[in-house]
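Summary of structural features
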Amino acid sequence: MKLGLLTAPFPDTELMEVARWSAAAGFEALEIACWPASGGEARRYAGTSHVDVDGITEARAREIAAALGETGIAISALGYYPNPLHGEAAHREQVIGHLKKVITAAGLMGVGVVNTFLGGDRGLDADRNWDRARAIFPEIVAHARDSGVTLAFENCPMIFSADEWPGGHNIAYSPRIWRRIFEEWGDSVAMNFDPSHLVWQMIDQGRFIREFGGRMVHVHAKDVMIDRDGLYENGVMSVGMGWQVPRMPGLGDVDWPGFFSELYRAGYDGPVIVEHEDRTFEGTDAAVKRGFLMARDVLRPYVK
């Protein structure tokens, strides 16, 4: 395993500076955030563009990969998390076009994984969203396969705010949908697994890893705290809003010893990438780094 971090919380810091700091801090890998360099993404911890994939050449791709290699940092994946199943066709077209560019860039850089979302229209149920996914994704999956890249979907429901309620913006959150994904596209796709999303959904972590561990090619280390007062106030029908609180690993309700025990039993030996969405450790560069360093110290004993 390699312990690393997702670069999204450093939107104003150049990629090589992030890499040098990460290496000096004892991290071994980066998942590189690749939102459009032109901006436009307003969601928290989204919009960071550490590699401008628009029109990237093979020479430029190799230059970036080589420069990172000189720091001792590996690239675990390129990450871009839009909503390819959005209710507006124009939005779908825009984000799918950029996703294809990220896939192309990964192939040119020799990076084997692109992390993304399957997506979801919050106004449709999971079955109708799945029908849309079956129509939209074959072309994207084929492009990834032709580029020598594995498309890895994250298991995040993407429901944190009123504009995502009630259905969320990503249907790849439940075992029922994950079975469909792998039955439909086989080894052409995989999972980027984040255990925090299981906690508030009351999905058994160990059972989930035992069923899908062999399909995981990338792991996010993020914790979540259930705010019991918020749960009391809002109830489960709020679908996590007001009571699911993202935290750095070790400060929430994820069972980290059990998590790593099941990963090792499943044969997982890939990257473990800290995803930082903890409001306690943000606002300044020093605070963000403090959060990452704390996560490093919590996780390091398990990552061998």
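Notes on the structure in this doc start here. (Residues numbered from 1 in each chain as written. Predicted model: local features only at pLDDT ≥ 70, side-chain atom pairs only at ≥ 80, totals over all residues. Heavy atoms only, no water.)

1. Quick notes on the nonpolar core
- Core analysis: the largest hydrophobic core is formed by 90 residues, its most contacted members being Leu78, Leu118, Phe137, Leu151, Ile181 and Trp185.
- Those residues in contact with Phe137 that sit more than four places away from it in its chain are Pro84, Leu85, Phe117, Leu118, Leu151, Phe153 and Trp185.
- Membership of the second largest hydrophobic core comes to five residues, among which are Ile159, Ile226, Met241 and Trp243. (Core = buried A, V, L, I, M, F, W, Y, C linked by side-chain atoms within 4.5 Å. Buried < 20%, exposed > 50% of the residue type's maximum accessible area, 1.4 Å probe, protein only. Contact = heavy atoms within 4.5 Å.)

2. Considering a nonpolar patch on the surface
- Nonpolar side chains collect at one region of the surface, where Met202, Val236 and Met237 lie side by side and expose about 400 Å² of accessible area between them.
- If you trace the backbone, Met202 turns up in the loop between α6 (196-199) and α7 (205-212).
- In this structure Met202 comes out as exposed when scored by relative accessible area, which is 72%. (Patch = residues over 30% accessible without salt bridge, like charges linked within 9 Å, V, L, I, M, F, W, Y side chains within 5 Å. Areas by Shrake-Rupley, 256 points an atom, 1.4 Å probe, with all protein chains shown as cover. Salt bridge = Lys/Arg side-chain N within 4 Å of Asp/Glu carboxyl O. Helix = DSSP H or I, 4+ residues; strand = E, 2+ residues; numbered from the N terminus.)

3. Topic: the pairing of strand β4 (residues 113-116)
- Here β4 shows two buried faces, one formed by Val113 and Asn115 and the other by Val114 and Thr116.
- For strand β3 (residues 74-79) and β4, the ladder comprises two bridges, and the chain directions are parallel. Of the residues in β4, the one forming a bridge with Leu78 is Val114.
- Handedness of the crossover joining β3 and β4 through helix α3 (residues 89-109): right-handed.
- Regarding the hand of the β-α-β motif, the stretch spanning β4, helix α4 (residues 126-146) and strand β5 (residues 150-154) is right-handed. (Pairing = 2+ DSSP bridges. Right-handed = clockwise from strand over helix to strand, strands pointing away.)

4. Regarding the pattern of salt bridges
- Tallied over the entire structure, the rule returns 21 salt bridges.
- For Glu139, the salt bridge is made with Lys100, and the minimal N-O distance between the two is 2.6 Å. Separated by 39 residues along the polypeptide, Glu139 in helix α4 and Lys100 in helix α3 bring together distant segments of the chain.
- Given a relative accessible area of 52%, Glu139 falls into the exposed group.
- Looking at Lys100, the relative accessible area reads 21%, which means it is partly exposed.
- Here the salt bridges do not stand alone but share partners, grouping Asp194, Lys222, Glu275 and Glu277 into one network.

5. Quick word on the sheet that holds strand β1 (residues 2-6)
- Spatial ordering of the closed barrel is given by β1-β2-β3-β4-β5-β6-β7-β10, a layout of eight strands whose pairing is parallel. On average, each strand axis in the sheet is inclined to that of its neighbour by 30°, with strand direction left out of account.
- Here β4 pairs with β5 via four bridges, running parallel. Of the residues in β5, the one forming a bridge with Thr116 is Phe153.
- Packed onto the sheet, helix α9 (residues 256-265) meets β6 (189-193), β7 (216-221) and β10 (271-274) and runs at close to 170° relative to β7. (Axes fitted to C-alpha atoms, helices over the stretch in contact; angles between N-to-C directions.)

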